[in-house]
Amino acid sequence: MNRPAGPEPVPFTSRMTRREIAAVLAYLPLHIGLLPVLLLSLPQTAGMSEIQINFAIYAIGALWMLLFAGRFLRRDFDPLCEHPLYCLLQVVTSYGMVLALNMLLSALLMLVQTELSNPNNAAWSDMVTKNFGKTAASAVFLAPLVEEPIFRGAVFSLFRPKDTDAPAVPRRRLAYLTSMLLFSLYHVWGYAIQDPANWLYLLQYLPASWVLCRCYERCDSIWGSILLHMSINGISVLTISALQGMM
C-alpha cells in the first residue's frame with residue numbers, strides 16, 4: 001500500500017467482531033425509519049420539533065453504539081494513543097483534502113446546474129438558526145459517533161482486509177466503494193424520493209466519504225475518522241452561524 005512520506009505508516013488491523021457488525025448495522029434501519037416514525041406518532045413525543053426529534057434520534061444512536069460497539073471503540077482508542085502525532089497529521093491533512101475536493105466538485109457541478117441547493121445542507125442550516133446548541137451537539141458530537149461506526153467501523157472494515165492478511169486489492173477497493181456509496185445514499189435518499197433531481201447531491205458526499213475511509217485506514221482507528229467527521233461538521237456549523245450573524 002502506498003503511503004505518504006513522513007511518520008512511520010500504521011498497518012491496518014482495525015476490526016469489529018461479527019456480533020458488533022451485526023448490532024451496529026441493525027441500528028441503521030431504526031435510525032432512518034422506525035425511530036422517526038415512533039417519535040412522530042407517540043402521544044408523548046408527537047409535539048416534538050424537528051430539532052428535538054433529530055437530537056433524540058442521534059442521542060439514542062450514540063447510546064446504541066456505546067452499548068453494542070463500546071468494546072470496539074475502546075480497542076480502537078489504543079492505536080490513537082500509540083501514534084497521536086501521526087493520527088493528528090492524518091486528520092489535519094484529511095480536512096484539507098475535503099475542502100479542496102469539495103471546491104473542485106462544486107465547480108464541476110456548477111457546469112451542470114447553475115444553482116446548487118442541497119436540501120440536507122439547507123435543513124441543517126435552518127436548524128442551526130433555530131437552535132444552535134442542540135444542532136451543534138447533534139452534528140458535532142452525536143452524528144460522528146453514530147455514523148462512523150456504521151459506515152467505517154462496520155461497512156468499510158467488513159470488506160477491507162487487514163494488512164497482516166494476504167494482499168487483496170479488489171476487496172480494499174470494494175470497501176471504499178461500498179462505504180462511500182452507502183454514506184452518500186444515507187444523506188440524500190429521503191430527499192431524492194421526494195424529488196429525483198436531488199440524486200445529483202449524492203455526488204457531494206463522495207469526496208468526504210472517501211477521505212473519511214482513508215483517514216480511518218491510515219490511523220488504524222475509528223477515532224481518526226470520528227475526529228475528522230467532528231471537525232468537518234463543527235467548522236461547518238460555526239461557519240453557518242457566523243454567516244447568519246453577519247446578515
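What you are looking at is a predicted structure, and each value in this text was computed from that prediction instead of being measured.

Undergrad: Let's hear about the pattern of salt bridges: which residues, and what values?
TA: Evaluation of the coordinates by the stated rule reveals six salt bridges. E217 is paired through a salt bridge with R160; the nearest N and O atoms lie 2.7 Å apart. One end of the pair, E217, is in helix 9 (residues 206-219); the other, R160, is in the loop between helix 7 (132-159) and helix 8 (169-194), with 57 residues separating them in the sequence. For E217, a relative accessible area of 1% gives the class buried. Relative accessible area serves as the criterion here: at 2%, R160 is assigned to the buried category. By sharing partners, the salt bridges in this structure join R160, R172 and E217 into a single network.

Undergrad: Outline unusual backbone geometry, supporting the account with residue identities and numerical values.
TA: Residue D220 is not a glycine yet carries a positive backbone phi of 55°. By the secondary structure assignment, D220 is in the loop between helix 9 and helix 10 (222-246). The class of D220 is buried, set by a relative accessible area of 5%.

Undergrad: Describe the packing of aromatic side chains, and please don't skip the residues or the numbers.
TA: Summed over all chains, the structure comprises nine aromatic pairs. Note on Y27 and W64: the rings are 5.5 Å apart at their centroids and 40° apart in plane angle, and the pair reads as tilted. Taken together, the positions of Y27 in helix 1 (residues 18-41) and W64 in helix 2 (residues 50-68) put the pair 37 residues apart, joining distant regions of the chain. Aromatic pair W64 and F68: ring centres 4.8 Å apart, planes at 45°, arrangement tilted. In this pair, W64 and F68 are both assigned in helix 2, four residues apart and thus about one turn of the helix distant. We classify W64 as partly exposed; its relative accessible area is 22%. Classification of F68 by relative accessible area gives partly exposed; the value is 40%.

Procedures and definitions
- Residues numbered from 1 in each chain as written.
- Predicted model: local features only at pLDDT ≥ 70, side-chain atom pairs only at ≥ 80, totals over all residues.
- Heavy atoms only, no water.
- Salt bridge = Lys/Arg side-chain N within 4 Å of Asp/Glu carboxyl O.
- Helix = DSSP H or I, 4+ residues; strand = E, 2+ residues; numbered from the N terminus.
- Buried < 20%, exposed > 50% of the residue type's maximum accessible area, 1.4 Å probe, protein only.
- Phe/Tyr/Trp six-rings, centres within 6.5 Å; stacked < 30°, edge-to-face > 60°.

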